[in-house]
Protein chains: 2
Amino acid sequence: MNTRTRDLRREDLHASVSLPVMDTMNFLNEITHRYPEAISFAPGRPYDGFFDVEQIFTYIRRYLDHLAAGGDSPARIRDVLFQYGPTAGLIRELIAASLREDEGIDVPVESVVVTAGCQEAMFLVLRALMADRDDVLLLTSPCYVGITGAARVLGVEVAAVPEREDGLAREDIETVVKEQVAAGRRPRAIYVTPDHSNPSGVTMSLQARRELLDLAERHDLLIVEDSPYRLVSAGTRLPTLKSLDRNRRVVHLGSFSKTVFPGARVGFAVADQVVGAAEGRDGLLADELVKIKSMVTVNTSSLGQAAIAGALLQHSGRITDLNAGPAAYYADTMRTTLDRLARELPADRRARLGVRWNEPRGGFFLTLRVPFRADNEALGRSARDFGVIWTPMSYFYPEGGGDHAIRLSTSYLTRADIETGVSRLAEFIEAEATTGGDGLSGSRRSV
Amino acid sequence: MNTRTRDLRREDLHASVSLPVMDTMNFLNEITHRYPEAISFAPGRPYDGFFDVEQIFTYIRRYLDHLAAGGDSPARIRDVLFQYGPTAGLIRELIAASLREDEGIDVPVESVVVTAGCQEAMFLVLRALMADRDDVLLLTSPCYVGITGAARVLGVEVAAVPEREDGLAREDIETVVKEQVAAGRRPRAIYVTPDHSNPSGVTMSLQARRELLDLAERHDLLIVEDSPYRLVSAGTRLPTLKSLDRNRRVVHLGSFSKTVFPGARVGFAVADQVVGAAEGRDGLLADELVKIKSMVTVNTSSLGQAAIAGALLQHSGRITDLNAGPAAYYADTMRTTLDRLARELPADRRARLGVRWNEPRGGFFLTLRVPFRADNEALGRSARDFGVIWTPMSYFYPEGGGDHAIRLSTSYLTRADIETGVSRLAEFIEAEATTGGDGLSGSRRSV
């Protein structure tokens, strides 16, 4: 029936289908599937224990009650749920209010665009801003793969600024800006995750935030601020870049995947930049994102939006209130991981092995520097022989690097799993350091 | 506080933000808002009367029961709803089964990718296939704006094949293919809506379908088949291109927006083409769409998918069963519109005015040819003076045209509104034909 065995050649498809990180991510999934008993520090997902199926029904009902209390007729409420909705979103007011309450970000409702997860928000912002083939997006190295992937799909050039152990340094950014300008490119924006970054766990200091805003002004850059781990972190928070922004230099991206739940697929962009046009009326950057969104997903699922709105409404519209419990939980799992690392790898052993790690005060991730190549082969040995899984940090380097570092995610595990997992990890590191990673000798355990 | 009044120039943003159709669509929205009492033949949305808020809860509950009956644990079911889900979708099996039952399309489950509405499916398929700047997408003129918009966002070149009153003619397609090849371009795919097309209402004959498949084979084209109005139409259906496809030439796109409800934002692509790679394993085009989707929306809302699955499960997994009522309703509104047109504009009056229309046997739309320029100005007069709204057909012509035609959508109205609306439309046409559209004399009514 089918006369050909191959219908298309991958080489004839768009370059984004050959993104190397996809193959490495697939390898991680395979490993996870092959060793189901292994303890995994890989997934950057929220802890399941906060979820309960009945919440979905309660959340949606809560939003419908809110609409009724606001005077919407039953027919109108039915249409809100069932029909095509506004491309900019149904719950912009609630989001704008929570930004004021939780973050001190005070922006017009019209600058908020609700998206199919924060990923779509990144995608729309990149598409709007990167107009010309010479435009370039600055990002950090290491960097969240969602932004590099979106850039690849859109054919957008990126240039990486190396992240230091305490964040981005102004001089490093300026060096990259100058290099790009010298190469005939136009740096348009810089993508940053100021708080408890994925993958590194690094947080930008207040001074670095102010310097970045100043630098953006001088070099006519926009800052794309993505901060999904802020409001699931306990303790004092530094101000968002957006709340410090006096000249509308910052496009702020938001996600409800960590703060409410990922399955809703609801995120947003705050884009209050005024766009002037040679012809026609001035508008906001948000209006332009809405136009693009209408050609990508039309509008965001009303059910997802209703669930997020209901969750917000149950907590006086405040994400901080909603996340008091989870933030404490994640603080505890991070603390447990760091304490256990310190116990399993005390200073002398650490020095002997050449291991070190950072100590994030929040978020889901930390970076561990190791004395061996932390590649897929090492990951395979770790899962098979030691029953512990992690993410090679090299996955997150857009221009190479990170070969001797791993990312540990602390969000998804219980305290008991963390303690066992860190012990296994220490055994694995010892074995790799001893054998040089040939996998032929040293301590072994089967899982 | 804000030192600049304008932060960005529209000319510095991507070309897709200046898509002319967005401005015209905005005009239509403004008109609809300004004349709320006017009867509108514009929106191509399903009829509200089939929806009931409680269905949402029943649908989602039905899907959760289905998972439990299949042996999923409560913890697993909770994670299906709340956590990140597989990028390819949760409900591929149900969709593949309904395609077999409803459409005689028998494809592996792995070839189905669930998307954030059919719009995202278009977007992913375009991105995967249009790899090179010389690649060109063929489409019809007039054409659904979602595909031209997606092409614009991705910077994909399009070439229009004029649609005849009975569909696409093989010779017209071949002419465009030859022109494009002569211009150094590579025609990669042709986008078609074979059944009750939006905007024209035209359906492709069985012979035209076979010829298109044959032509695709000869010119090494893929066919992107989009058919959202098929299963909301009563009566006998011609086979889909995909069910006639013997050589995996057809990528079939699906939407649940008309058959279940738009707010779920769930659609899908069927991409069973085998992709060979110089390095690595062969895979399906679906796998490549999944990779791109992971960089656009990550995965489709679990709540939307759960609702669609629940609706399907309530009707033995068959969209045809689920849509028996709506299909009969839409058949009646289309018939009512055509009957009323014939009564208001009988043969002699029609000939005198120079008006004619096609007679679709299903779907939501029909085309009316009129003796005046059916532009935004005419639409404004129609709404203001006659209380009737329609869509200028010129909105749907990617390369210009359609100035003397309007699209009527018959799906959203009640029978009574249709009868009144068509009478008003006939009065408006008479006035335009008489006054030449200067809006200064002729029959008037206020709304």
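Residues numbered from 1 in each chain as written. Chains lettered and ligands numbered in written order. Predicted model: local features only at pLDDT ≥ 70, side-chain atom pairs only at ≥ 80, totals over all residues. Heavy atoms only, no water.

**Concerning the overall build of chain A**
The condition is simple: Under the scheme used here, helices are H or I runs from DSSP no shorter than 4 residues and strands are E runs no shorter than 2 residues, and both carry numbers assigned from the N terminus. With C-alpha atoms as the basis for the radius of gyration, the globule rule is written as 2.2 Å multiplied by the number of residues raised to the power 0.38. For every residue, the accessible area (1.4 Å probe, protein chains only) is compared with the maximum for its type, and the residue is labelled buried under 20%, exposed over 50%, or partly exposed between those bounds. Using a 1.4 Å probe, accessible areas were evaluated by the Shrake-Rupley method; residue-level cover was limited to the displayed protein chains. When charges are tallied, Lys and Arg are placed among the positive residues and Asp and Glu among the negative ones, while His and the ends of the chain are skipped. We put the charge of a Lys on NZ, of an Arg on CZ, of an Asp on CG and of a Glu on CD.
Looking only at helices and strands, chain A features 16 helices and 16 strands. The C-alpha atoms of chain A give a radius of gyration of 23 Å, which matches the 22 Å a tight globule of 447 residues would have. Across its three principal directions, the C-alpha atoms of chain A cover 70 × 65 × 55 Å. Within chain A, buried positions represent 63% of all 447 residues. When the accessible surface of chain A is totalled, it reaches about 16,400 Å², and 47% of it is carbon and sulfur. Here chain A contributes 53 positively and 60 negatively charged side chains, and the mean placements of these two sets differ by 1 Å.

**A short note on the packing of aromatic side chains**
Let me state the cut-off plainly: Note on aromatic pairs: the rings of Phe, Tyr and Trp (six-membered ring only in Trp) are paired at centre separations within 6.5 Å, and the planes decide the class, stacked below 30 degrees, edge-to-face beyond 60, tilted for the rest. Whether a charge sits over a ring depends on NZ of Lys or CZ of Arg being within 6 Å of the ring centre and within 35 degrees of the ring normal.
One pass over the full model with this rule turns up 34 aromatic pairs over all chains. Centre to centre, the rings of F50 of chain A and Y330 of chain A are 6.0 Å apart; their planes meet at 70 degrees, and the pair counts as edge-to-face. One end of the pair, F50 of chain A, is in the loop between β2 (39-40) and α2 (53-69); the other, Y330 of chain A, is in helix α13 (residues 324-344), with 280 residues separating them in the sequence. Pairing Y330 of chain B with F364 of chain B gives two aromatic rings, centres 4.6 Å apart and planes at 50 degrees, and the pair type is tilted. Placement of Y330 of chain B in helix α13 (residues 324-344) and of F364 of chain B in the loop between β12 (356-357) and β13 (365-369) is noted, with a sequence separation of 34 residues between them. Of the two residues, Y330 of chain B and F364 of chain B, both sit in the buried class. An aromatic cluster is present here, built from Y47, F50, Y229, Y329, Y330, F364 and F365 of chain A joined pairwise through their rings. The residue whose ring lies beneath R61 of chain A is F57 of chain B, and the NZ or CZ to ring-centre distance is 3.8 Å.

**Thoughts on the packing of helix α2 (residues 53-69) of chain B against helix α3 (residues 74-82) of chain B**
What describes two packed helices is the angle between their axes and the distance between those same axes. All names here are of chain B. How we decide: Structural elements are reduced to axes, namely lines fitted to C-alpha atoms, with helices fitted over the stretch in contact, and the angle between N-to-C directions of any two is expressed from 0 to 180 degrees. Relative orientations are named as follows: roughly parallel for angles under 35 degrees, roughly antiparallel for angles over 145 degrees, roughly perpendicular for angles from 65 to 115 degrees, and oblique for any other angle. Note on convention: the crossing is left-handed when the near helix lies turned anticlockwise from the far helix by less than a right angle, right-handed when the turn is clockwise. For this analysis, residues touch if any pair of their heavy atoms sits within 4.5 Å.
Axis separation between α2 and α3 bottoms out at 10 Å; the angle between their running directions is 140 degrees. With respect to α3, the axis of α2 lies oblique. Handedness of the α2/α3 crossing: right-handed. The segment α2 lies against α3, with Y63, L64, L67 and A68 engaging I77, V80 and L81.

**So, the nonpolar core**
For clarity, the cut-off: Take the buried residues of types Ala, Val, Leu, Ile, Met, Phe, Trp, Tyr and Cys, join any two whose side-chain atoms come within 4.5 Å, and each joined set is a nonpolar core.
Ranked by size, the top nonpolar core spans 174 residues in total, and within it L368 of chain A together with L368 and I429 of chain B carry the most contacts. In contact with L368 of chain A, other than residues within four places in its own chain, are L341, V355, R356, W357, H404, A405, I406, L408, L425 and I429 of chain A. In terms of nonpolar packing, the next biggest core, distinct from the first, is built from 82 residues, F82 and V270 of chain A together with V270 and I308 of chain B among them.

**So, the interface of chain B and chain A**
As a reminder, the rule being used: Here's the idea: put two parts together, see how much 1.4 Å probe accessible area each one loses, and the total over both is what we call buried area. Put simply, a salt bridge is a Lys or Arg side-chain nitrogen that is within 4 Å of an Asp or Glu carboxyl oxygen.
Between chain B and chain A, the residue contacts involve 99 residues of the former and 99 residues of the latter. Ranking the residues of chain B by area buried against chain A places F82, Y84 and M295 of chain B at the top, with a combined share of 10%. There are 14 salt bridges connecting chain B and chain A. Across the pair R61 of chain B and E54 of chain A runs a salt bridge, and its minimum N-O distance is 2.7 Å.

**A look at the side chain of T140 of chain A**
Residue and element names in this part refer to chain A. For clarity, the cut-off: Each polar contact in these results corresponds to two N or O atoms within 3.5 Å; when the atoms are within protein, one needs to be able to donate a hydrogen and the other to accept it, and residues that are neighboring in sequence are counted only if both atoms are side-chain atoms.
Residue placement: T140 occurs in strand β4 (residues 135-141). Judged by relative accessible area, T140 falls into the buried class, the value being 9%. Among the polar contacts listed, one links the side chain of T140 to the backbone oxygen of P142, at a separation of 2.8 Å. Excluding residues that lie within four positions of it along the chain, T140 makes contacts with V161, L168, Y191 and P398.

**Observations regarding the sheet that holds strand β16 (residues 405-409) of chain B**
All names here are of chain B. Spelled out, the test is: Paired strands, in this sense, are two strands between which DSSP finds at least two bridges.
As summarised here, the arrangement of the 4 strands in space is β12-β13-β16-β15, forming an open sheet in which the pairing is antiparallel. The two strands at the open ends of the sheet, each matched to only one other strand, are β12 and β15 (391-392). Here β13 runs beside β16; their pairing, made up of 5 bridges, is antiparallel. Each bridged residue has a counterpart across the sheet, and for L366 the counterpart in β16 is L408.

**Here's the deal with the relation of the copies chain B and chain A**
Rules: Least squares is the method used to superpose the copies, on C-alpha atoms of residues holding a pLDDT of at least 70 in both.
Mapping chain B onto chain A is achieved by rotating through 180 degrees and translating by 0.0 Å along the same axis, at an RMSD of 0.0 Å. Both copies of the chain, as the preceding transformation shows, are related through a two-fold rotation axis.

**Things to note about the packing of helix α15 (residues 376-386) of chain A against helix α16 (residues 415-435) of chain A**
All names here are of chain A. Quick note on the threshold: Residues are grouped as follows: Ala, Val, Leu, Ile, Met, Phe, Trp, Tyr, Cys and Pro are nonpolar; Asp, Glu, Lys and Arg are charged; every other residue, Gly included, is polar.
For the pair α15 and α16, interaxial distance at closest approach is 10 Å and the crossing angle is 125 degrees. In terms of their interaxial angle, α15 and α16 are classed as oblique. Of the two possible hands of crossing, α15 and α16 adopt the one that is right-handed. Residues A378, R381, S382 and F386 of α15 lie in contact with α16, whose contacting residues are R424, E427, F428, A431 and E432. Here the contact of α15 with α16 is composed, by residue class, of 4 nonpolar, 1 polar and 4 charged.

**Here's the deal with the sheet that holds strand β1 (residues 8-9) of chain A**
The strand order across the open sheet formed by 3 strands is β1(A)-β10(B)-β11(B), and the pairing between neighbours is mixed. Each edge of the open sheet is held by one strand with a lone partner, namely β1 of chain A together with β11 (283-284) of chain B. The sheet contact formed by strand β10 (residues 274-276) of chain B and β11 of chain B spans 2 bridges and is antiparallel. Across the sheet, the residue bridging to V274 of chain B is L284 of chain B, located in β11 of chain B.

**Focus: the pairing of strand β4 (residues 135-141) of chain B**
The side chains of a regular strand alternate between both faces of the sheet. All names here are of chain B. Counting buried residues in β4 gives 7 out of 7 residues, a clear majority hidden from the surface. Bridge count for β4 against strand β6 (residues 186-192) is 5 bridges, and the pairing is parallel. Note on β6: the bridge partner recorded for L137 is A189. Relative to strand β5 (residues 157-162), β4 is paired through 6 bridges, and the arrangement is parallel.

**What about the pairing of β4 of chain A?**
Residue and element names in this part refer to chain A. The line we're drawing: Crossover handedness is defined by viewing with both strands directed away from the observer: a clockwise path from the first strand over the helix to the second marks the crossover as right-handed.
Relative to strand β6 (residues 186-192), β4 runs parallel, the two sharing 4 bridges. Considered in β6, the bridge of V136 is made with P187. Handedness of the crossover joining β4 and strand β5 (residues 157-162) through helix α6 (residues 145-154) is recorded here as right-handed.

**Some thoughts on the pattern of salt bridges**
All names here are of chain B. Counting across every chain of the model gives 78 salt bridges over all chains. When the shortest N-O distance is used, the salt bridge between K293 and E120 registers 2.7 Å. Taken as a pair, K293 in helix α10 (residues 285-294) and E120 in helix α5 (residues 117-129) lie far apart in primary sequence, 173 residues in all. Of the residues examined, E120 reaches a relative accessible area of 0% and is grouped as buried.

**A short note on α10 of chain B**
Within α10 of chain B, 9 of the 10 residues are buried, which leaves the element mostly enclosed by the surrounding structure. Among all positions in α10 of chain B, only L285, A286, E288, L289, V290, K291, I292, K293 and S294 of chain B are buried.

**Quick look at the confidence of the model for chain A**
Stated formally: Confidence of the prediction at every residue is given by pLDDT, a number between 0 and 100.
Per-residue pLDDT for chain A averages 93, and the proportion of residues at 70 or more is 96%. The complex prediction reports pTM at 0.95, with the ipTM value standing at 0.95.

**Thoughts on unusual backbone geometry**
Residue P199 of chain A follows N198 of chain A across a cis peptide bond; omega there is 15 degrees. Mapped onto the elements, P199 of chain A comes out in the loop between β6 and α8 (206-218). Residue P142 of chain B is bonded to the preceding S141 of chain B through a cis peptide linkage, with omega at 5 degrees. Counting through the fold element by element, P142 of chain B comes out in the loop between β4 and α6 (145-154). Positive phi outside glycine occurs at D220 of chain A, with the angle close to 55 degrees. With respect to the helices and strands, D220 of chain A occurs in the loop between α8 and β7 (222-226).

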